[in-house]
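Listed below, chain by chain, are the residues.
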Amino acid sequence: MFPEERKDGSPRFGKLHFPVGLWINSPKKHFAKMSRRWPSVGSVKSTSSDTASRGSETVELRPPSKTKPSRHKRLSNLFHRSVSSTGVGTAGAGGRWASEKKLSDLIDPVPEDLVELSSQRNLPGILKIFGGDISCGANYKSVLATPRSTARQLVREALERYGVAPGDGEEDTVGGYVLCDVVGRFTGPGGAWQAEHLRPVGDTERPLVLQDVWKPKAGCSRRFEIRRRHEVERAFEAEDNETAGINAQARRLQKSRSRAASGGTVVPKERADNLSLRRSISDMNLSAKKRRERKNIMSMAGGEAVPPGDDGVGDEGESEATRSKELESTDSSINPTGTEEPIDGASLEQLSQCLIQPPTQNPYFLLLQSYSEKQDFVIYVMTRRRHVFGRPERRSQADKGGYVDTFLCAPDILPRHCWVRAADPPPAKGTALVRPFRGAMVTHNGGPLLREAELHPGDLLGMGQHFLFMYKDPRASQPRPAWLPKPWASPCLAGAFSCQACGRSLQERQEAWRTYVESRQPELRYRPQEEEALLREIIRGQGAGGCKLAPAFLLGLCVEHSARVLEPGHLPKLVTKIAHLVKEAVWEKIKEIGDRQPENQKDKSQVRVLSIEEVATDLRPLMLWMANAMELLNLIQKKMLDMEKELELEGTSQDVLLSGDLEMCDEAMAVLDEVIMSTFQQSVYYLTKTLYSALPALLDSNPFTAGAELCPAQDLSSMPEGTRGTLAIYQATLELTRECELHPDLVSQTFGYLFFFSNASLFNTLMEKGNGAPFYQWSKAVQIRTNLDLVLDWLQGVGLGDIATEFFRKLSTTINLLCIPKTSLVKASWSRLRNEYLALTPAQLHHLLSNYYLGLGRPYPEAWSPLPEEQDKIASSDIFESFTEHPPLILPIEGFRLCLSEPVGDDALHRQLCRMRRLVWDLEQEALPANQRAGYALEGTP
């Protein structure tokens, strides 16, 4: 396990305590959803708010729920989290009607102070507006209200209280929310609020008047909530669509029963009307001639002809003879033998249903197998570009795309089962797409369909166990159906490259295998059976083969393969497994480095300071894992964004399944956050530990010695001796980050922390030296200034000058003060020095001046004395720099090196990819019987 957190928020690493607790802040844009740890809550009132400016407001928080915490916080932000107690609040209530008092005798009464939850009797001008849907963690906000206050005015005030950022305009923001009158009750032992009825309050309605005139029924409570307008409208539209779909289905069933009951005894006019009620979309597309033929057939069944023009589509100028000829031709097609046989009315009616032509301008689905032949049609036409199949259901499942085009009545059809998006009409290029909703049983050309796929004319689309359709598009040419027999293929490598049933020769199969292994396409196929061994081999081979980012690249290919080929629920499990394997590998390296430290050796007499070369060798595995974990975190984050888009697309019916997958991926990303933070902490800890012994030479050495080169050089041996140790550490760290291909942002932050430590350590040492022998004098300051300038110039030459200048500002300011000639310094006043050296605190400036060496017996100038109002503050202030005010670690959101959509160009990375492909092949071959293994496994492979 990783080190636990101390009470002060800093992590603990076994016996090695990092002296400075590092904070890690992940940008909200990049790590949008992170688990938040909440303490257990009881019925305790807490003063909390969701904004800093509302901190004094007493807020009643909701009772604890058993659902999983939100995804909006990463582990990085846990160092800054604040814990708030929560509780269940009470609210005031208004009076009751007399009739309700009688009803309260029959049911469990609600206390009067819990009837109106948005107001209290002792605070008549305060209205509580609940907004848990728009502000997580805050139960309600209180606003001032009068009987003349409108709902829109209260919404505007509530949004200000909740800290909702305005959009393009204030009115646009207010218009996006609506005040709702919600009636419900408290249920369960914990008193959880359960809403039963909701009504949007009009913008001009007055909530306090509503509260006074209309009361909730006995046993219920009422409160005002603020919700997003589009969500409320969408919920009501979904109910309307659901009711319309159910009513339409009921009408079809009723008409079907009426038609079956009518039989052949109905008069022709009634029969025609009855059949017209059952016309499908395809039936409506019949040509005028076919409709006339159908009318004539029905007339023959009843014994009388249809008068001209009664069909509603015939031409009035057409002669009776023409109609007679059409009738004769139709009659002969029905009875080709020409014999006079009695025609059953029901048979003619069924035959008339078959006299249809498929559409010529719209794609459609031809029903091959159905669940109920009496309710299902033969042809379903796509009337919209995006066609949704589903089952009618009373419970609202609607969202922004909740409309269902075709209802299929079968027990295994989901409310929203599958959607098909038609291709653009010619001459535009493109293919239709089909995508099942999560949990839906869909087959495509006989195989299970788990994710979005192309749909070609002639493809077979199965839904559940009962429905089978053929997709047809009259606008496009009919290709060879993909479901026709073809050479057998298997998703595993053994089936793809060693199958003897596919008709290929041994040489052809061997060539196909060699082509796959040597391919530079970013693809790594494997079966779930070989996944564990493959992942462990990738982790074990970290740092080998020349390419430092090979583990992240190969693990990313595994994630891509799982998302593209394996079933959807496998991806979160894979990401979790990868994160924990990386964590175990990093923790083992941390323990190995700690065991090799001199202070942890059994022989205490051999304790020594490790050289920078030894430290760099120990830190190399940690730097490699920091670089790989950062790249891997970015790849997983992209997959999570795709999953979130899928969640928005599939709607609320799939929210539970996809939300669970996202929660698992969030936890895995939190583990990778820990890896990055821990490797960063350990790296800067051992580097600053080495720096601590090398930095004092910058203050004590004289750069003006014989043979010293007073200009920055790549060869540190020519530099003054006092600067060599510090520059050697900086140089080794820079080479290590470049060798490990660490992200540029992490390189900058690593050196930022090293410079922060160097500045604070040198400044504190300089403050301590002023208490002893004369040290603050012009000659010594010039030597220190020269050493510091040599270091800063060298850092400028390697591209780190801006960062170094920022973090060495206080030390440079102090040295500049001491470099002022003594004759000029004694003339300066306290006020002037305070204004010119703002980086120094009054206590630090006073310490420097009071210990400045002016000469034996020479008094300090009176002008150096601090102002009277500052003397007390100076006496109680600390002159040393704190090591706790270090910069936070901010994870990058761009500038990553790995890309899984382009061919592999790096030769070392390509060799690692080929090695993993051969490993998968060997693992599959070992699982096969000896007589089924291929004999060319390693022949000719790289």
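Residues numbered from 1 in each chain as written. Predicted model: local features only at pLDDT ≥ 70, side-chain atom pairs only at ≥ 80, totals over all residues. Heavy atoms only, no water.

- Per an unreviewed UniProt entry, the chain is named Ras-interacting protein 1 isoform X2, and its organism is Alligator sinensis.

Structural notes on the overall build of the chain
- On a plain count of helices and strands, the chain comes out with 28 helices and 20 strands.
- Evaluated residue by residue, the chain yields a buried proportion of 46% over its 942 residues.
- Restricting the contact set of the chain to residue pairs at least 6 apart, pairs at least 24 apart contribute 69%.
- For the chain, the accessible surface area stands at approximately 47100 Å², while carbon and sulfur atoms represent 53% of it. (Helix = DSSP H or I, 4+ residues; strand = E, 2+ residues; numbered from the N terminus. Buried < 20%, exposed > 50% of the residue type's maximum accessible area, 1.4 Å probe, protein only. Contact = heavy atoms within 4.5 Å. Areas by Shrake-Rupley, 256 points an atom, 1.4 Å probe, with all protein chains shown as cover.)

Structural notes on the side chain of Arg438
- Within the element layout of this structure, Arg438 appears in the loop between strand 14 (432-436) and strand 15 (442-444).
- Look at Arg438 and you get buried, because its relative accessible area is 14%.

Here we look at the nonpolar core
- Counting 136 residues, the largest nonpolar core has Tyr730, Leu766, Phe808 and Leu817 as the members making the most contacts within it.
- Sort the elements by how many residues they give to this core and helix 16 (residues 612-650) lands first, with 18 residues.
- With sequence-adjacent residues up to four places away left out, Phe808 is seen in contact with Tyr730, Phe755, Ser758, Asn759, Leu762, Leu788 and Leu792.
- In this structure, Val143, Ala145, Cys180 and Trp193 belong to the second largest nonpolar core, which totals 28 residues. (Core = buried A, V, L, I, M, F, W, Y, C linked by side-chain atoms within 4.5 Å.)

Describing the environment of Ala843
- Mapped onto the elements of the fold, Ala843 is located in helix 26 (residues 842-850).
- Sequence spacing of Ala843 and Phe880 is 37 residues, and the spatial spacing of their C-alpha atoms is 9.5 Å.
- With sequence-adjacent residues up to four places away left out, Ala843 is seen in contact with Ile874, Ser877 and Ile879.

Description of a nonpolar patch on the surface
- Among the surface-exposed residues, Val209, Val213 and Trp214 lie close enough to one another that they form a single nonpolar patch of about 270 Å² accessible area.
- Of the residues examined, Trp214 reaches a relative accessible area of 51% and is grouped as exposed. (Patch = residues over 30% accessible without salt bridge, like charges linked within 9 Å, V, L, I, M, F, W, Y side chains within 5 Å. Salt bridge = Lys/Arg side-chain N within 4 Å of Asp/Glu carboxyl O.)

A closer look at the sheet that holds strand 11 (residues 386-390)
- Strands sit in the order 12-11-13-14-17 across an open sheet of five strands; the sheet is mixed. Unpaired on one side and paired on the other, strand 12 (406-407) and strand 17 (453-455) mark the two borders of the sheet.
- Here strand 11 runs beside strand 13 (residues 418-421); their pairing, made up of four bridges, is antiparallel. Among the inter-strand pairings, Phe389 is bridged to a residue of strand 13, identified as Cys418. (Pairing = 2+ DSSP bridges.)

Describing unusual backbone geometry
- Backbone geometry places Asn445, a non-glycine residue, at a positive phi of 55°.
- Looking at the element boundaries, Asn445 is found in the loop between strand 15 and strand 16 (447-448).
- A relative accessible area of 21% means that Asn445 is categorised as partly exposed.

Details of the confidence of the model for the chain
- Averaged over every residue, the pLDDT of the chain is 76; residues scoring 70 or more account for 69%.
- Strand 2 (residues 46-47) is the least confidently modelled element of the chain, averaging 36 in pLDDT, while helix 20 (residues 744-769) averages 95, the highest of any element.
- Low pLDDT, under 50, characterises residues 1-106; the stretch is placed with 253 contacts to residues that sit more than four places away or in other chains.
- Scored below 50 in pLDDT, residues 258-291 shows 49 contacts in the model against residues more than four places distant or in partner chains. (pLDDT = per-residue confidence, 0-100.)

Describing the sheet that holds strand 7 (residues 192-200)
- The five strands lie next to each other as 5-4-8-6-7, forming an open sheet whose pairing is mixed. Each edge of the open sheet is held by one strand with a lone partner, namely strand 5 (140-144) and strand 7. In this sheet, adjacent strand axes meet at a mean angle of 45° when their direction is disregarded.
- Where strand 6 (residues 177-187) and strand 7 come together, eight bridges link them in antiparallel fashion. Following the sheet pairing, Gly184 is matched in strand 7 by Ala195.
- Running at roughly 125° to strand 5, helix 2 (residues 151-162) makes contact with strand 4 (126-130), strand 5, strand 6 and strand 8 (221-228) of the sheet. (Axes fitted to C-alpha atoms, helices over the stretch in contact; angles between N-to-C directions.)

Section: the pattern of salt bridges
- Within the structure shown, the criterion is met by 35 salt bridges.
- Across the pair Asp789 and Arg785 runs a salt bridge, and its minimum N-O distance is 2.8 Å. Of this pair, Asp789 and Arg785 are both found in helix 21 (residues 778-797), four residues apart, which corresponds to roughly one turn of the helix.
- For Asp789, a relative accessible area of 30% corresponds to the partly exposed category.
- Several salt bridges share partner residues, and in doing so they unite Glu531, Glu532, Arg536 and Lys577 into one network.

Regarding the pairing of strand 11
- Among the five residues of strand 11, four are classified as buried, and the element is accordingly described as predominantly covered.
- For strand 11 and strand 12, the ladder comprises two bridges, and the chain directions are parallel. In the sheet register, Gly390 faces strand 12, and the bridge partner there is Phe407.

Examining the packing of helix 20 against helix 23 (residues 809-818)
- At their nearest, the axes of helix 20 and helix 23 sit 8 Å apart, and the two run at 35° to each other. Here Asn759, Leu762, Phe763, Leu766 and Met767 of helix 20 come into contact with helix 23, specifically with Arg809, Lys810, Leu811, Thr814, Ile815 and Leu818.
- The residue inventory of the contact of helix 20 with helix 23, partitioned by class, reads seven nonpolar, two polar and two charged. (Nonpolar A, V, L, I, M, F, W, Y, C, P; charged D, E, K, R; others polar.)

Topic: the pairing of strand 6
- Burial runs high along strand 6: eight of the 11 residues are buried.
- Summarising the sheet, strand 6 and strand 8 pair through eight bridges and their orientation is antiparallel. From the neighbouring strand, Gly184 faces strand 8, where its bridge partner is Ser221.
- Remark: four residues form the turn of the hairpin made by strand 6 and strand 7, two consecutive strands paired antiparallel; Gly188 in that turn has positive phi of roughly 80°.

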